[in-house]
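Letter by letter, the chains look like this.
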Amino acid sequence: MRWEKDMAYSDKMTALARLGFAARGLVYILIGWLALNASRTGAEPSDNQGALGSLSEKPLGHVMLAICAVGFAGYAFWRIAEGILDPEGRGSTMKGKMERISYLISGAVHISLCLVAGKLALQQTSGRQGSPGDETAQSWAAWGLDMPGGLALLIGVGIVLFIVAAAQAHKAYQASFDELGADVPAPAYVKWIGRFGYGSRAVVFAVVGWLLIAAAIYHDPARAGGLGDALKELRAQPKGVAVLSIIGVGLMLFGVFSLVEARFRRITVPKVQSPLQL
């Protein structure tokens, strides 16, 4: 019957979305741990792609990478469907549109992570690497600076990242985690984990935005960077070792919060036409 197919589709999509949250949690725990280690040893901090690369060195690492690839694919599909179909009723207000755009961006990012994890899972050699995302940001900045209107585009993207950082900081301040279950509110300690995690992400997004704007202002694409360069920039500041340690712990806690979401988050599965049904 049709309702049985819809129920099977809903169950599978929910499972894939939860697996995606778990994969995201694992990656952020790794990023935070690498940042914390870098604050103590002077090693290079890493971004999400570098963290995935470090998994290939672990026992059963390639299996974990394959699971992460599947999870990221499901999470990306769910986020993109959220952005397009709006199953949670965000609406067409400015706030709703911004949230839906952020879902589409998140989906695109996780498609990239899915491809990276899948490629590493199929490699027989170590996938250890630094921060490929930083090189991508610099290449993109160089391309933008060579394009007509590229300067304004880079500054505009940097401003968008500041807005994203402000939204993350607002969520941390408000502890607005109503999606963690419809009936039972999240315990206070879980909310504090989320607040610390989202606050740390806000700092990182703001630094990435500033690096992009600096690249535009100084017409120097080498100044642009991703998460890895943002963490290095934090370490280079006065009291940078302490700051990087705090941010590292915060990113690990965001990973823990993602694992909590994998288990308890309320997930609304978009309805799609039969060709896309599983």
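What counts and what doesn't
Residues numbered from 1 in each chain as written. Predicted model: local features only at pLDDT ≥ 70, side-chain atom pairs only at ≥ 80, totals over all residues. Heavy atoms only, no water. Core = buried A, V, L, I, M, F, W, Y, C linked by side-chain atoms within 4.5 Å. Buried < 20%, exposed > 50% of the residue type's maximum accessible area, 1.4 Å probe, protein only. Helix = DSSP H or I, 4+ residues; strand = E, 2+ residues; numbered from the N terminus. Contact = heavy atoms within 4.5 Å. Phe/Tyr/Trp six-rings, centres within 6.5 Å; stacked < 30°, edge-to-face > 60°. Lys NZ or Arg CZ within 6 Å of the ring centre and 35° of its normal. Patch = residues over 30% accessible without salt bridge, like charges linked within 9 Å, V, L, I, M, F, W, Y side chains within 5 Å. Areas by Shrake-Rupley, 256 points an atom, 1.4 Å probe, with all protein chains shown as cover. Salt bridge = Lys/Arg side-chain N within 4 Å of Asp/Glu carboxyl O. UniProt positions renumbered as here; feature names shortened; annotations may be inferred. Axes fitted to C-alpha atoms, helices over the stretch in contact; angles between N-to-C directions. Parallel < 35°, antiparallel > 145°, perpendicular 65-115°, else oblique. Nonpolar A, V, L, I, M, F, W, Y, C, P; charged D, E, K, R; others polar. Polar contact = N/O pair within 3.5 Å; in protein donor to acceptor, adjacent residues only side chain to side chain.

As annotated in an unreviewed UniProt entry, the protein chain carries the name DUF1206 domain-containing protein and is attributed to Novosphingobium guangzhouense.

## Observations concerning the nonpolar core
A general tendency of soluble globular proteins is for nonpolar side chains to be buried together. In this structure, Leu-52, Phe-72, Val-204 and Leu-231 are the most contacted members of the largest nonpolar core, which totals 49 residues. Among the elements that take part in this core, helix α7 (residues 188-217) stands out by supplying 10 residues, more than any other. Residues in contact with Phe-72, not counting those within four places in the same chain, are Gly-20, Ala-23, Arg-24, Val-27, Leu-52, His-110, Leu-113, Cys-114 and Ala-117. Counting seven residues, the second-largest nonpolar core is a separate cluster that includes Met-13, Phe-21, Trp-78 and Ile-267.

## Section: the packing of aromatic side chains
Counted by the stated rule, this structure contains six aromatic pairs. Taking the centre distance of 4.8 Å and the plane angle of 70° together, the rings of Tyr-28 and Phe-254 count as edge-to-face. Taken together, the positions of Tyr-28 in helix α1 (residues 2-41) and Phe-254 in helix α9 (residues 240-264) put the pair 226 residues apart, joining distant regions of the chain. On the basis of relative accessibility, which here comes to 11%, the residue Tyr-28 falls in the buried class. The ring of Trp-192 carries the charged tip of Arg-195 above its face, separated from the ring centre by 4.6 Å. A cation over a ring is seen here: Arg-223 above Tyr-218, with NZ or CZ 4.1 Å from the ring centre.

## Some thoughts on a nonpolar patch on the surface
Together, Met-94, Met-98, Ile-101, Ile-105, Val-109, Ile-159 and Ile-163 make up a nonpolar patch on the protein surface, roughly 640 Å² of accessible area in all. Counting residues per element, the ones that place at least two in the nonpolar patch are α4 (94-122) and α6 (150-174). For the nonpolar patch, the element with the most residues is α4, which contributes five residues. Note on placement: Ile-105 falls in helix α4. For Ile-105, a relative accessible area of 46% translates into the label partly exposed.

## A look at the environment of Val-109
In this structure, Val-109 sits in helix α4. Along the backbone, Val-109 and Phe-72 are 37 residues apart, and their C-alpha atoms lie at a distance of 9.3 Å.

## As for unusual backbone geometry
At His-219, a residue that is not glycine, the phi angle is positive and equals roughly 50°. Positionally, His-219 belongs in the loop between α7 and α8 (227-235). Phi at Lys-239 is positive, roughly 60°, even though this residue is not glycine. With respect to the helices and strands, the residue Lys-239 is situated in the loop between α8 and α9.

## Let's talk about the UniProt feature "transmembrane region" (unreviewed entry) in the protein chain
Here, UniProt's "transmembrane region" (unreviewed entry) annotation points to residues 21-39, 59-80, 101-122, 142-167, 202-219 and 239-260. The straight-line gap between the two end C-alpha atoms of residues 239-260 is 32 Å; of that span, 95% is helix and 0% is strand.

## Some remarks on the packing of α8 against α9
Two numbers describe how α8 lies on α9: the axes approach to 7 Å, and their chain directions differ by 140°. Viewed along their axes, α8 and α9 adopt a mutual orientation that is oblique. Residues Leu-231, Leu-234 and Arg-235 of α8 lie in contact with α9, whose contacting residues are Gly-240, Val-241, Val-243, Leu-244, Ile-247 and Leu-251. Here the residues of the contact of α8 with α9 are counted per class, giving seven nonpolar, one polar and one charged.

## Looking at the side chain of His-110
Turning to its location among the elements, His-110 is positioned in helix α4. With relative accessibility at 7%, the residue His-110 sits in the buried group. From its side chain, His-110 meets the backbone oxygen of Ser-106 in a polar contact 2.8 Å long. With sequence-adjacent residues up to four places away left out, His-110 is seen in contact with Arg-24, Phe-72, Tyr-75 and Ala-76.

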